[in-house]
Amino acid sequence: MAAGLLLFIGVNAACLAAGGNLVSGERSFSIDYKNNCFLKDGKPFQYISGSIHYSRIPRDYWKDRLVKMYMTGLNAIQVYVPWNFHEAAQGVHNFTGDRDLEHFLDLANQTGLLVILRPGPYICAEWEMGGLPAWLLQKPNIILRSADTDYVEAVSNWLTVLLPKMKPWLYINGGNIITVQVENEYGSYYACDYNYMRHLRTLFTFFLGEDTVLFTTDGNTDREMTCGSLQGLYATVDFGTENNVTEAFNRQRRFEPRGPLVNSEFYTGWLDHWGDRHAVVDAQKVSRVLEEMLTMGANVNMYMFEGGTNFGYWNGADHDTRFRSVVTSYDYDAPLSEAGDPTEKLLAIRDVIKLFREVPSGPMPPATTKFAYGFVNLKKVGNISELLNTLSPLGPVKSQHPLTFEEMKQYYGYMLYRTTLPRDLSQPTPLISPLNGVHDRAYVSVNGVFQGLLERDTVLVTNISGQQGDTVDILVENMGRVNFGSKINDYKGLLSNLFLGKDMLTDWKIYPLDIDGAIAGGWPHSDSQKASPGPLKEPSVGPVFYMGTLQPNGLAWDTFLKLNEWKKGQVWINGVNLGRYWPARGPQQTLYIPGPLLSTTQPNNITVLELEGAPAHPRVLFMDRPLLNATAGKS
């Protein structure tokens, strides 16, 4: 290893001795293959970068997070562009508000940060379907991330919108984007379709110009680097603290014999799934390996620098041996916490960076103020079955067999499937999903009485009882589409027929549920006179809505919502979907509420959809600190 280190130091010295013949005042960013480094305006350049996802941070806090990254000593940030965040419905593009990518780039530019742009079209990122829009799945035979005609057409249409917006932001055009990634870790995908990668290279070059530095990123294996790299795209590698640095960069060298060393994803932490223990990566390991790479002259991006939050339904999932959904918090044990607070890991990283470049003088911006607003009592609004006129105003679609979310063109959230019992059930009778067709969790009620649940890969049978003609309601939750691997074509809903004993259930009424639309429109608080107080001692079971109000106290500070003794569900505050809670499964126990979501003068409306069963005294607690690391449960 010592010999390898000396080699890298020698290469770095050669790079630093190199210079360009740049005309004064002309901006450029390029690769110096002779001296194994990047050149910025003709001079050797080494970036020290951190990943930040604008889609996981409220717009009001973008500047705060960027300033903290700059004050740590970073000279660049790395940014994913989630296609589905900007084109949730085919052909309808949204770049406003929290989706205003150009405003984010402008703030980074004002802060003094260069940008490594990762526009996909696939991004992984533990994000819903890896950033691919679910409407792609309306083509049942589509082969994602390949030269499939339907997929390539959709990708081309999207990049025709996105890339021209990015071109003015290239460093060579006066902006701050220095490099642009094509696809993302493509070598980890089974398709290994070079025609697809060539098509993307052509598109990126056409829209961004021949002088733009395009690159790929792949995992630290020969197979991944082989399938993920392509001539004309600079090949980089990603790895964490457990890898041998010299061996990893030697692998990059086998695919890029000349040029800068680049670790595009140096892992400062890791993700959590529901049921995991909270992932932690030691700060001293991170700082030690970072110092080792920077000493070699390598360019390093830390993934993540701030993780943020999977608000709404944006979390992804993995599927190796079984489906595992990613939690709402994307804290990632990163140098900046989910709420943007500097950590000991950040301070350790800053101390390393000081060894290699001048860190901006002045104090690190402090953590945002947190406030414990205390307990708020909630009251029952009603169960889902009673509220369909409000939640599904267009009514049901009738079908002999179940239809998927994609067939119904409802891509996220929840749908309700209704049928009737075909016969009397004198004994509890198994309701079966023989083909594992519940994607992802189903809550079963008969005549409004909760009877049990089905869960993808793990619970394929539940017993129910009732009389012929009784109404069977099955609320199905999409818990986030798979974002990595070969199973990203992840259809949701009831994908196959359900059986009651030996009888196949047919004649369905399928209700698309616009829960978010109703709540954004003021429901249920606007109809609060209709809300029933509910039982005070006996808890309600099954999918039930609750509402409450956090009274204003003149403060709008960050806070964390704890739902003690609640089982699983979704929370909205002032119409904004905070994401999923599942304290029984863990490890995450609190939901982050950014202060800007709260009003200092008006009542703050809280809406909870509890899917399994609320506590006897339904109330929630606003705390001044997160709880992300409770022991994983088995519920």
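Nothing here was measured: the structure is a model prediction, and the numbers come from that model.

Criteria and cut-off values
Residues numbered from 1 in each chain as written. Predicted model: local features only at pLDDT ≥ 70, side-chain atom pairs only at ≥ 80, totals over all residues. Heavy atoms only, no water. Helix = DSSP H or I, 4+ residues; strand = E, 2+ residues; numbered from the N terminus. Rg over C-alpha atoms; globule rule 2.2 N^0.38 Å. Contact = heavy atoms within 4.5 Å. Areas by Shrake-Rupley, 256 points an atom, 1.4 Å probe, with all protein chains shown as cover. Lys, Arg positive; Asp, Glu negative; His and termini not counted. Charge placed at Lys NZ, Arg CZ, Asp CG, Glu CD. pLDDT = per-residue confidence, 0-100. Pairing = 2+ DSSP bridges. Axes fitted to C-alpha atoms, helices over the stretch in contact; angles between N-to-C directions. Polar contact = N/O pair within 3.5 Å; in protein donor to acceptor, adjacent residues only side chain to side chain. Buried < 20%, exposed > 50% of the residue type's maximum accessible area, 1.4 Å probe, protein only. Phe/Tyr/Trp six-rings, centres within 6.5 Å; stacked < 30°, edge-to-face > 60°. Lys NZ or Arg CZ within 6 Å of the ring centre and 35° of its normal. Core = buried A, V, L, I, M, F, W, Y, C linked by side-chain atoms within 4.5 Å. Disulfide = S-S within 2.5 Å. 1 Å grid on protein atoms, 1.4 Å probe; cavity = no way out; pocket = protein on both sides within 12 Å on 5 of 7 lines; lining within 4 Å. Points joined across faces, edges and corners; volume = space filled by probe spheres on them. Nonpolar A, V, L, I, M, F, W, Y, C, P; charged D, E, K, R; others polar. Expected span 1.5 Å × (residues − 1). Bend = angle between axes of the 7 residues up to and from the residue. Right-handed = clockwise from strand over helix to strand, strands pointing away.

A closer look at the overall build of the protein
- For the protein, the helix and strand inventory stands at 13 helices and 34 strands.
- The C-alpha radius of gyration computed for the protein amounts to 26 Å, which stays within 12% of the reference 26 Å derived for 635 residues, consistent with globular compactness.
- The dimensions of the protein, computed from C-alpha atoms along their principal axes, are 85 × 55 × 40 Å.
- When contacts within the protein are restricted to residue pairs at least 6 apart in sequence, those whose partners lie at least 24 apart make up 78%.
- Of the roughly 23800 Å² of accessible surface on the protein, 51% is carried by carbon and sulfur atoms.
- Distance from the positive charge centre (55 side chains) to the negative charge centre (65 side chains) of the protein: 1 Å.

Some words on the confidence of the model for the protein
- Residue-level pLDDT values for the protein average 94, and 93% of them are 70 or greater.
- Here residues 1–11 scores under 50 on pLDDT; set against residues more than four positions off or in separate chains, the count is 12 contacts.
- Residue range residues 531–537 is modelled with pLDDT below 50. Its contacts to residues more than four positions away, or to other chains, number 15 contacts.

A closer look at the sheet that holds strand E34 (residues 619–623)
- Strand order in the open sheet formed by 4 strands is E14-E34-E29-E32, and the pairing between neighbours is antiparallel. Looking at which strands have only one partner, the edges of the open sheet turn out to be strand E14 (374–377) and strand E32 (590–593). Taking the axes of each pair of neighbouring strands and ignoring which way they run, one obtains an average angle of 30° across the sheet.

Focus on the sheet that holds strand E27 (residues 508–512)
- What the 6 strands build is an open sheet, ordered E16-E27-E17-E23-E20-E21; its pairing is antiparallel. Edge positions in the sheet fall to strand E16 (397–399) and strand E21 (449–455), since each of these pairs with one other strand and no more. Averaged over all pairs of adjacent strands, the angle between their axes in this sheet comes to 25°, without regard to strand direction.
- As paired strands, strand E20 (residues 441–446) and strand E23 (residues 471–477) are joined by 6 bridges and run antiparallel to one another. Within the sheet, the bridge partner assigned to Ala442 lies in E23 and is Val476.

Topic: the environment of Asp333
- In this fold, Asp333 is placed in the loop between strand E13 (323–325) and helix H10 (344–353).
- For the pair Asp333 and His278, spaced 55 residues apart in sequence, the C-alpha to C-alpha distance is 8.7 Å.
- Apart from the residues lying within four places of it in its own chain, the contact partners of Asp333 are Thr268, Gly269, Ala279, Val280, Val281 and Lys345.
- A polar atom in the side chain of Asp333 sits 2.8 Å from the backbone nitrogen of Val281.

Structural notes on the side chain of His86
- Considering the arrangement of structural elements, one finds His86 in helix H3 (residues 83–86).
- Residue class for His86 comes out buried when judged on its relative accessible area of 1%.
- A distance of 2.7 Å separates the side chain of His86 from the side chain of Tyr54, its partner in a polar contact.
- Here His86 is in contact with Tyr54, Val81, Val92, His93, Asn94, Phe95, Arg99, Leu101 and Trp158, once residues within four sequence places are set aside.

Considerations on the packing of aromatic side chains
- Evaluation of the coordinates by the stated rule reveals 38 aromatic pairs.
- Between Phe560 and Tyr592 the ring centres are 5.6 Å apart and the planes differ by 35°, which places this aromatic pair in the tilted class. One end of the pair, Phe560, is in strand E29 (residues 559–562); the other, Tyr592, is in strand E32, with 32 residues separating them in the sequence. By the burial criterion, Phe560 is buried, and Tyr592 matches it.
- One aromatic cluster is present, formed by Tyr54, Trp62, Phe85, Phe104, Trp127, Trp314, Tyr411 and Tyr412 through successive ring pairs.
- Positioned above the aromatic ring of Tyr171, the side-chain terminus of Arg27 is 3.9 Å from the ring centre.
- Its end group placed over the ring of Phe375, Arg619 keeps NZ or CZ at 3.7 Å from the ring centre.

Re the nonpolar core
- With 137 residues, the main nonpolar core has Ile77, Leu144, Leu513 and Phe545 as its most contacted residues.
- Per-element tally for this core: the top contributor is helix H5 (residues 149–166), with 8 residues.
- Beyond its immediate sequence surroundings of up to four residues, Ile77 is in contact with Ser49, Gly50, Ile52, Leu66, Met69, Phe104, Ala108, Leu113, Leu114, Val115 and Ile116.
- Ranked by size, the runner-up nonpolar core spans 22 residues in total, among them Leu421, Val444, Leu498 and Ile510.

Some points on the state of the cysteines
- Enumeration over the complete set of coordinates arrives at 1 disulfide.
- A sulfur-sulfur separation of 2.0 Å characterises the disulfide bridge that pairs Cys192 with Cys227. Disulfide Cys192 to Cys227: torsion about the S-S bond roughly -90°, handedness left-handed. Of the two residues, Cys192 sits in the loop between strand E7 (177–181) and helix H6 (194–208) while Cys227 sits in helix H7 (residues 222–228), which places them 35 residues apart along the sequence.

Structural notes on the layout of surface pockets
- By volume, the largest pocket is sized at about 940 Å³.
- The wall of the largest pocket is formed by 36 residues, among which Arg99, Tyr313, Trp314, Tyr412 and Asp516 lie closest to the centre.
- Broken down by secondary-structure element, the contributors of at least two residues to the lining of the largest pocket are helix H13 (515–520) and strand E31 (576–581).
- Ranked by the residues each element gives to the lining of the largest pocket, the list is headed by H13, at 4 residues.
- Along the lines of polarity and charge, the residues of the lining of the largest pocket split into 22 nonpolar, 9 polar and 5 charged.
- Empty space within the second largest pocket amounts to approximately 440 Å³.
- Taken together, 25 residues form the lining of the second largest pocket, with Glu126, Glu185, Tyr267, Trp270 and Phe484 sitting closest to its centre.
- Counting only elements with at least two residues in the lining of the second largest pocket, the list comes to strand E9 (234–239) and strand E10 (262–267).
- Considered class by class, the residues forming the lining of the second largest pocket number 10 nonpolar, 8 polar and 7 charged.

Focus on H5
- Taking 1.5 Å per residue, 18 residues should reach 26 Å; H5 reaches 25 Å between its end C-alpha atoms and fits that length.
- A maximum bend of about 30° is found in H5 at Leu159.
- Buried within H5 we find Tyr151, Val152, Ala154, Val155, Ser156, Trp158, Leu159, Leu162, Leu163 and Met166.
- Buried residues belonging to H5 abut H3, helix H4 (101–111), strand E6 (114–118), E7 and H6.
- Its side-chain oxygen placed 3.0 Å from the backbone nitrogen of Asp150, Asp148 serves as the N-cap of H5.

Section: the environment of Leu117
- With respect to the helices and strands, the residue Leu117 is situated in strand E6.
- Placed 60 residues apart in sequence, Leu117 and Ile177 show a C-alpha to C-alpha distance of 6.5 Å.

Quick notes on the pairing of strand E30 (residues 569–573)
- Most of E30 sits out of view: 5 of its 5 residues are buried.
- Across 5 bridges, the pairing between E30 and E31 is antiparallel. Across the sheet, the residue bridging to Ile573 is Val576, located in E31.

Topic: the pairing of E9
- Of all 6 residues in E9, 6 are buried; the element is thus mostly enclosed.
- Burial along E9 is two-sided: the residues Tyr234, Thr236 and Asp238 and Ala235, Val237 and Phe239 are all buried.
- Taken together, the 5 bridges between strand E8 (residues 213–219) and E9 define a ladder with parallel strand orientation. Bridging across to E9, Asp218 finds its partner in Val237.
- Remark: the E8/H7/E9 crossover connection has right-handed handedness.
- With respect to chirality, the unit in which E9 leads through helix H8 (residues 245–255) into the neighbouring parallel E10 is right-handed.

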